[in-house]
Amino acid sequence: MKMSKILTKGKAIFLAYDHGLEHGPTDFNDKNIDPKYIIEIAKKGKFNALIFQKGIVEKYKSEIDKSGIPLIIKLNGKTNLFEGEPLSEQLCSVKEAIKLGAVAVGYTIYIGSKFESRMLEEFSKIEEEAHKKNLPVIAWIYPRGKSVKGKSSGKLMAYAARTGLEIGADIVKLRYNGNVNDLKWAVKSAGKTKVVVAGGLKCNEKELLKKTKEIIKAGASGLAIGRNVWQSKEPIKLTMQLKKIIWNK
Amino acid sequence: MKMSKILTKGKAIFLAYDHGLEHGPTDFNDKNIDPKYIIEIAKKGKFNALIFQKGIVEKYKSEIDKSGIPLIIKLNGKTNLFEGEPLSEQLCSVKEAIKLGAVAVGYTIYIGSKFESRMLEEFSKIEEEAHKKNLPVIAWIYPRGKSVKGKSSGKLMAYAARTGLEIGADIVKLRYNGNVNDLKWAVKSAGKTKVVVAGGLKCNEKELLKKTKEIIKAGASGLAIGRNVWQSKEPIKLTMQLKKIIWNK
Amino acid sequence: MKMSKILTKGKAIFLAYDHGLEHGPTDFNDKNIDPKYIIEIAKKGKFNALIFQKGIVEKYKSEIDKSGIPLIIKLNGKTNLFEGEPLSEQLCSVKEAIKLGAVAVGYTIYIGSKFESRMLEEFSKIEEEAHKKNLPVIAWIYPRGKSVKGKSSGKLMAYAARTGLEIGADIVKLRYNGNVNDLKWAVKSAGKTKVVVAGGLKCNEKELLKKTKEIIKAGASGLAIGRNVWQSKEPIKLTMQLKKIIWNK
Amino acid sequence: MKMSKILTKGKAIFLAYDHGLEHGPTDFNDKNIDPKYIIEIAKKGKFNALIFQKGIVEKYKSEIDKSGIPLIIKLNGKTNLFEGEPLSEQLCSVKEAIKLGAVAVGYTIYIGSKFESRMLEEFSKIEEEAHKKNLPVIAWIYPRGKSVKGKSSGKLMAYAARTGLEIGADIVKLRYNGNVNDLKWAVKSAGKTKVVVAGGLKCNEKELLKKTKEIIKAGASGLAIGRNVWQSKEPIKLTMQLKKIIWNK
Amino acid sequence: MKMSKILTKGKAIFLAYDHGLEHGPTDFNDKNIDPKYIIEIAKKGKFNALIFQKGIVEKYKSEIDKSGIPLIIKLNGKTNLFEGEPLSEQLCSVKEAIKLGAVAVGYTIYIGSKFESRMLEEFSKIEEEAHKKNLPVIAWIYPRGKSVKGKSSGKLMAYAARTGLEIGADIVKLRYNGNVNDLKWAVKSAGKTKVVVAGGLKCNEKELLKKTKEIIKAGASGLAIGRNVWQSKEPIKLTMQLKKIIWNK
């Protein structure tokens, strides 16, 4: 896999912006509702990559190309409206992603969902095709659904990490449960698959920096961050602080 | 995409007539039950395009061709008889639509439905194929199903608009909830994807004109209108009034 | 479409015999249980076409060929044993039907069923393929399933007719609810798609002739009749009476 | 179809041995658990054909070949463990069956099951492919599932027979309900499709011979027998008695 | 099938390590969480083969290759999070497995599950493809799901074994119920399909050795063992003891 296109010394900070489909525009304000604003942040902050759905890429291709920032396309997605067991299916082919300039692809799997097997199966086909074309594959793995309720967050995080390794993801994206030892175990569970942590809900910047230190200490390879950066009043300043922590500068 | 075939200065008024399948003939009277009557209105009113199901196009192809009005084919559809979670599947291939003379294609997605993922996935394949052939894709996006009940109409409208952008629609067709600020936000959410508003139930003409002014003020690109025009006693007169508003003449 | 092979002056009387699969042999007696008896009636009565399932055609091909009567193959079917929402799937490909000598194909859609979308979608592929090969497509459209209960029979009949037009059927086969004005409206709803009426349960011959007059008066193109003919003691005599009414001789 | 390979003067006695998958080894004893024992019986008893699942054929191919007995491969199957609506799906392709030496193929359809349509559809594809290659198709048709309970066994048996004809089976395998007139009607319902009767549970040999006489009297073409033969202490002697009845020697 | 690559004198001891996906990392400690540790054990203990999911193989290919131990890839898998009827779908194609160096492939079927037929069908396609390429196929067959509860463990074990034979597995992997006579019967039920026994939960080593003696006495071909070996403090010593029993040295 050509991991070098999306990693710097084995680490990364990705700017994620698939919230418009996953959560609706409620995450946005007048500025960050505009993909151009996000592309500007990625460019100025020199992020390792931008993460978009296919539709954003098609409509803002010239802006993305001009930014020079590598592109990761999320291949599946769903709205958060349906309240039953989560299922997210493929909305962009690997071929199409490559045509649109992606240097890596992403896919979400809700382990524990009634539809887990459908997502695992679809992912496996994507992985096979992407790897044939030398494209790294990033798995967003989130334990979700009725069956998961009440189970230990640490065990679930490690299970998500290990699933990433077992199914062939090059990078697994997890939600951090806030316990650094649990994350260490999760990173170990992932073996040679790299772990990046999802930024999650916007939080206090101090808290975010503290969390990032823990993440790096636990052995993770970086962040796939969205709201905390593009909802920030000073996204570039914050990005620089995060990068310092990630690369121990 | 060859958007120029269905837009005039970036705006449009489409004559929609897929009600026979979606609602049954209860929307019709002795005149407008006949597709030829609709084609006549489109021709006299110089609509940007006619919207039909494949079956109508096959049977009335010579009339459509003679009218000179561009054709949009709705690729999926369902009756309103089944009372469970809505699912509308593909009834016409992109290839067939092109063969029948379509210059753009449409597809309905019920976000929030139990079957949302099936429609999103099918749409994504249609979008890829249509875009490869330079054909614009219009997504009818309607929040629908049990899970959607009680949710804010403004948020849902913006979510529908944003979904259109994220999945690669060139135009997204929404139902207007009557709040101009909500629609502004929805238009913004759609980014470079254009928004057209569905006409909805026949209403008082004054009200329709007022609504149309709001729609244009909110930044939408026009209307996909059906019942309000072809149920009108003076459809051409009304059309001219609507066009004045849309193009600020 | 080569409609001329199954129509006479735009009208038709088809001899339907798919009851063995749809209802089981309970509709049959010692005579009419034999497909050869049916083929004989069709030949003597000079029906416009015979309607069979693939299996009957394969086993009685020489008899059918000798009769000289055109053949319509029903492409889907089901037993009446399962008591849940109706689903009837494709049991014969268009290619196979052509190979077996069919000059038109038929397919049943239960609108209002939980599985409506699956049948609509399958029909649409059949229609595309058949039309490519110039073969007329006949849609049996019956509102059915839990959701349909209690709805107006007149509205449902018109909805079925209109669905036939919208999805590209050349002929739509309906059940007549007994109200001539309702049928007129249904025929109008079908536009350029022709309407033929299903014979239904065996009834008094007087009643059948009266019903047939109404059907023709309402603008329908004829009958697809089964039990009333082949359960009759004098099927040819009855056929001649029906033909007189259909062609106003 | 090359029926001659599995029929003698239009009649047949098949040795069925798919019980290992359908019922588990509870039907077996130390002798008949071994497929070689079954092959020996078929050889000594000069059965018209052996009926196996693909797996048995692969592992005992040299023994089957040496026996010289024609081979029928059952293409679908299931265990009897799951207690919901029955579904049996294809486990061996027609191509594979031919490669393994089959001269006919079999498939079970549970009419009345919630999954009836899936099995009917799969059967229809198998039938088309097998017939293209001149291979006879045998349909095991069993009314089964919640909806079937309480319905008349005679009517169900005739319905199964007729379904075989309508869907294109060359031979339909039924369970005999013990009423000779019902079976006569079922045989008549099957038209040119031949009827063979399943042996069913091991019973008293006298009773079996009596039943076989009735079956032949009713016009059926023979037996597809398993347990009654290979659970017998003197399988060859019994086979000879059955053959005498079947061929009226 | 090239069984010689994974058997020694018709017997085998496989080192299984698919627990990361099937159970999560809870089975692991700081040592055995690392696939390299497992590969070392396999090498030192001269196991007949290593059993991994595709992802592990991709990431640790050079270590596996260096070890010289033959590779079996498990083609399907699932987490243990979802609490409904078990379904495990294909996550690696046969083609991909071969490309990654596998000399045999494995697949799990939960007989008795609501989804049994889906797994049986998927297995049958894998079996056909693998056998075409001369690759042995190992079926993990476990009775599982609501319908199975309360049924006799001995009968279920024999049913699993027989299912392996009927569907064409070269080796069937079972859980041993602890009754040597039951296992004898299961081995007999499997006919020419070889039986290997799953190691199961870590137990006392004495108990394990005793169990292994019974397994061999019952006629099984060996073990597919995981936790009992790689959770052991002296895995190589234990392996040597097990091998002595298996090969009666």
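Look up: the structure comes first, before these words.
Below is a summary of the structure that appears in this document. (Residues numbered from 1 in each chain as written. Chains lettered and ligands numbered in written order. Predicted model: local features only at pLDDT ≥ 70, side-chain atom pairs only at ≥ 80, totals over all residues. Heavy atoms only, no water.)

**Regarding the overall build of chain A**
Definition in use: Strands here are runs of E lasting at least two residues and helices are runs of H or I lasting at least four, both read from the DSSP assignment and numbered beginning at the N terminus. Our radius of gyration is a C-alpha quantity, and the globule rule it is checked against amounts to 2.2 Å times the number of residues to the power 0.38. Each residue is placed in one exposure class: buried if its accessible area under a 1.4 Å probe, protein chains only, is under 20% of its type's maximum, exposed if it is over 50%, and partly exposed if it falls in between. Whether two residues touch is decided by their heavy atoms; if any such pair falls within 4.5 Å, the residues are in contact. Residue-level accessible areas treat just the shown protein chains as cover; the underlying method is Shrake-Rupley with a 1.4 Å probe. The charge count includes Lys and Arg as positive and Asp and Glu as negative, but it does not include His or the ends of the chains. Every charge is mapped onto a representative atom, which is NZ of Lys, CZ of Arg, CG of Asp or CD of Glu.
Each helix and strand counted, chain A has eleven helices and ten strands in total. Taking 2.2 N^0.38 as the reference for a compact globule, 249 residues should give roughly 18 Å; the C-alpha atoms of chain A span a radius of gyration of 17 Å, in line with that estimate. Structurally, chain A occupies a C-alpha span of about 40 × 40 × 35 Å along its principal axes. Of all 249 residues assigned to chain A, the portion counted as buried reaches 65%. The contacts of chain A with a sequence gap of at least 6 include a subset with a gap of at least 24, amounting to 71%. Total accessible area computed for chain A in this model is approximately 9100 Å², and 52% of it derives from carbon and sulfur atoms. Of the side-chain charges in chain A, 46 are positive and 26 negative, and the distance between the mean point of each set is 6 Å.

**Things to note about the relation of the copies chain E and chain D**
For the record, the criterion: The atoms used to superpose the copies are C-alpha atoms, taken from residues with pLDDT of at least 70 in both, and the fit is least squares.
Mapping chain E onto chain D is achieved by rotating through 72° and translating by 0.0 Å along the same axis, at an RMSD of 0.0 Å. The transformation just described matches what one would write down for a five-fold rotation axis. Distance from the rotation axis, computed per C-alpha, reaches its smallest value in chain E at Arg118(E): 10 Å.

**Things to note about the interface of chain A and chain B**
Heads up, the rule is: Once two parts are put together, the accessible area they lose, assessed with a 1.4 Å probe and summed over both, is termed the buried area. Under the rule applied, a polar contact is a pair of N or O atoms within 3.5 Å (in protein, one hydrogen donor and one hydrogen acceptor; residues adjacent in sequence only if both atoms are side-chain atoms).
Counting from both sides, the interface comprises 38 residues of chain A and, opposite them, 36 residues of chain B. Both faces considered, chain A and chain B share a buried interface measuring about 3000 Å² in area, 55% of it formed by carbon and sulfur atoms. Considering only the side of chain A, the residues that lose the most area to chain B are Lys59(A), Leu81(A) and Phe82(A), jointly responsible for 23% of the buried surface there. Taken together, chain A and chain B are joined by 24 residue pairs in polar contact (both at pLDDT 80 or more). Residue assignment for the side of chain A that touches chain B shows that the elements contributing at least two residues are helix H1 (19-22), helix H3 (54-59), strand S5 (89-90) and helix H5 (94-99) of chain A. Of all the elements, H3(A) adds the most residues to the side of chain A that touches chain B, at five residues.

**A few points about helix H9 (residues 205-217) of chain D**
All names here are of chain D. Let me state the cut-off plainly: To estimate how far a helix should extend, the number of its residues minus one is multiplied by 1.5 Å.
The end-to-end C-alpha distance of H9, which contains 13 residues, comes to 18 Å, matching closely the 18 Å that a straight helix rising 1.5 Å per residue would cover. Residues of H9 that are buried include every one of Leu 208, Leu 209, Thr 212, Glu 214, Ile 215 and Ile 216, and no others. The elements touched by buried residues of H9 are helix H8 (180-189), strand S9 (194-198), strand S10 (222-225), helix H10 (227-230) and helix H11 (235-246). Positive backbone phi, at 100°, marks Gly 219, one or two positions downstream of H9.

**Points about the packing of helix H7 (residues 153-167) of chain D against H8(D)**
All names here are of chain D. Threshold: Working convention: axes come from line fits to C-alpha atoms, limited for helices to the stretch in contact. Angles between N-to-C directions cover 0 to 180 degrees. Should an angle fall under 35 degrees it is taken as roughly parallel, and over 145 as roughly antiparallel, whereas 65 to 115 is taken as roughly perpendicular and any remaining angle as oblique. Left-handed describes a crossing whose near helix is turned anticlockwise from the far helix through less than a right angle; right-handed describes the clockwise counterpart. Residue classes follow a fixed rule: Ala, Val, Leu, Ile, Met, Phe, Trp, Tyr, Cys and Pro count as nonpolar, while Asp, Glu, Lys and Arg count as charged, and any other residue, Gly among them, counts as polar.
Where H7 contacts H8, the two axes come as close as 7 Å, and the packing angle between them is 20°. For the element pair H7 / H8, the angle class is roughly parallel. Handedness of the H7/H8 crossing: right-handed. For the pair H7 and H8, contact is made by Gly 154, Met 157, Ala 158, Ala 161, Arg 162 and Leu 165 and by Asp 182, Leu 183, Trp 185, Ala 186 and Ser 189, respectively. Across the contact of H7 with H8, the residue classes tally to seven nonpolar, two polar and two charged.

**Some points on the interface of chain E and chain D**
How big an interface is tends to be reported as the loss of accessible area on association of its parts. Inclusion rule: One side-chain nitrogen of Lys or Arg within 4 Å of one carboxyl oxygen of Asp or Glu is enough to make a salt bridge.
Facing 36 residues of chain E, the contacting portion of chain D comprises 39 residues. Here chain E meets chain D over a buried area of about 3000 Å², counting both sides, of which 56% is carbon and sulfur. Taken as a group, Tyr159(E), Glu166(E) and Lys192(E) account for 25% of the area that chain E buries against chain D, more than any other trio of residues on that side. Inspection of the chain E/chain D interface yields five salt bridges. Between Lys188(E) and Asp30(D) there is a salt bridge, with its nearest N and O atoms 3.2 Å apart. Put simply, chain E and chain D have 24 residue pairs in polar contact (both at pLDDT 80 or more) between them. Of all the secondary structure elements, the ones that give two or more residues to the side of chain E that touches chain D are helix H6 (116-132), helix H7 (153-166) and helix H8 (180-189) of chain E. Considering every element that reaches the side of chain E that touches chain D, the biggest residue donor is H6(E), with ten residues. Tallied by class, the residues present in the side of chain E that touches chain D amount to ten nonpolar, eleven polar and 15 charged.

**Some details on the pairing of strand S6 (residues 102-109) of chain D**
Residue and element names in this part refer to chain D. Definition in use: Any two strands are treated as partners once DSSP identifies two or more bridges connecting them. A crossover counts as right-handed when, viewed with the strands pointing away from the observer, the path leading from the first strand over the helix to the second turns clockwise.
With eight of eight residues buried, S6 is to be regarded as a mostly interior element. Relative to S6, strand S3 (residues 71-74) is paired through four bridges, and the arrangement is parallel. Within S6, the residue paired with Ile 73 across the bridge is Val 105. Where the polypeptide runs from S6 across helix H6 (residues 116-132) and back to strand S7 (residues 137-141), its parallel neighbour, the crossover connection is right-handed.

**Some thoughts on the packing of aromatic side chains**
Here is the rule we go by: Working definition: rings of Phe, Tyr and Trp (its six-membered ring) pair if their centres are within 6.5 Å, and the pair is stacked with planes under 30 degrees apart, edge-to-face with planes over 60 apart, and tilted otherwise.
Using the criterion set out here, one finds 30 aromatic pairs over all chains in the structure. With centroids separated by 5.9 Å and ring planes inclined at 80°, the aromatic side chains of Tyr17(C) and Phe52(C) adopt a geometry described as edge-to-face. Note that Tyr17(C) is positioned in the loop between strand S1 (12-16) and helix H1 (19-22) and Phe52(C) in strand S2 (residues 49-53), a separation of 35 residues in sequence. Considered together, Tyr17(C) and Phe52(C) belong to a single accessibility category, that of buried residues. Note on Tyr17(E) and Phe28(E): the rings are 5.2 Å apart at their centroids and 35° apart in plane angle, and the pair reads as tilted.

**Observations concerning the arrangement of the chains**
With no contact between them, chain A and chain C keep their nearest C-alpha atoms 19 Å apart. Where chain A comes nearest to chain D, the C-alpha atoms are still 19 Å apart, and the two do not contact one another.

**What to know about the packing of helix H2 (residues 35-44) of chain E against helix H11 (residues 235-246) of chain E**
All names here are of chain E. Closest axis-to-axis distance for the H2/H11 pair is 10 Å, and the angle between their directions is 40°. With respect to their mutual orientation, H2 and H11 come out oblique. The way H2 lies across H11 gives a crossing that is right-handed. Touching Tyr 37, Ile 41 and Lys 44 of H2 are Pro 235, Ile 236 and Met 240, all from H11.

**Considerations on the side chain of Thr193(A)**
Within the fold, Thr193(A) resides in the loop between helix H8 (180-189) and strand S9 (194-198). The residues touching Thr193(A), leaving out its near neighbours within four places in the chain, are Gly164(A), Leu165(A), Ala169(A), Asp170(A), Ile171(A), Val172(A) and Lys59(E).

**Quick look at H8(A)**
Because an α-helix completes one turn every 3.6 residues, residues spaced three or four positions apart along the sequence face the same direction. All names here are of chain A. Buried within H8 we find Val 180, Leu 183, Ala 186, Val 187 and Ser 189. Structurally, H8 contributes buried residues whose contacts are with helix H7 (153-166), strand S8 (171-174), S9 and helix H9 (205-217). N-cap assignment for H8: the residue whose side-chain oxygen lies 2.9 Å from the backbone N of Asn 181 is Asn 179.

**Here we look at the pattern of salt bridges**
All told, the structure shown has 83 salt bridges over all chains when counted by the stated rule. Asp170(E) is the salt-bridge partner of Lys59(D), the closest N and O atoms lying 3.1 Å from each other. Highlighted residues: Lys59(D) in helix H3 (residues 54-59) and Asp170(E) in the loop between H7 and strand S8 (171-174), drawn from two different chains. The class of Lys59(D) is buried, set by a relative accessible area of 15%. Across the pair Arg118(D) and Glu89(D) runs a salt bridge, and its minimum N-O distance is 3.4 Å. Of this pair, Arg118(D) sits in helix H6 while Glu89(D) sits in strand S5 (residues 89-90), placing them 29 residues apart in sequence. What makes Arg118(D) partly exposed here is its relative accessible area of 37%.

**Details of the sheet that holds strand S9 (residues 194-198) of chain E**
Residue and element names in this part refer to chain E. Taken in spatial order, the eight strands of this closed barrel run S1-S2-S3-S6-S7-S8-S9-S10, and their pairing is parallel. Averaged over all adjacent pairs, the angle separating strand axes in this sheet is 25°, with direction ignored. On top of the sheet, H6 reaches strand S6 (102-111) and strand S7 (137-143); it is set at about 165° to S6, its chief contact. The strands touched by helix H9 (residues 205-217) within the sheet are S9 and strand S10 (222-225), with S10 carrying the most contacts at an inclination of about 135°.

**Section: the sheet that holds strand S2 (residues 49-53) of chain D**
Residue and element names in this part refer to chain D. One closed barrel holds the eight strands; their spatial order is S1-S2-S3-S6-S7-S8-S9-S10, and the pairing between them is parallel. Direction aside, the axes of adjacent strands within the sheet are offset by 25° on average. Against the sheet, H6 makes contact with S6 and S7, and its axis sits at roughly 165° relative to S6, the strand it touches most.

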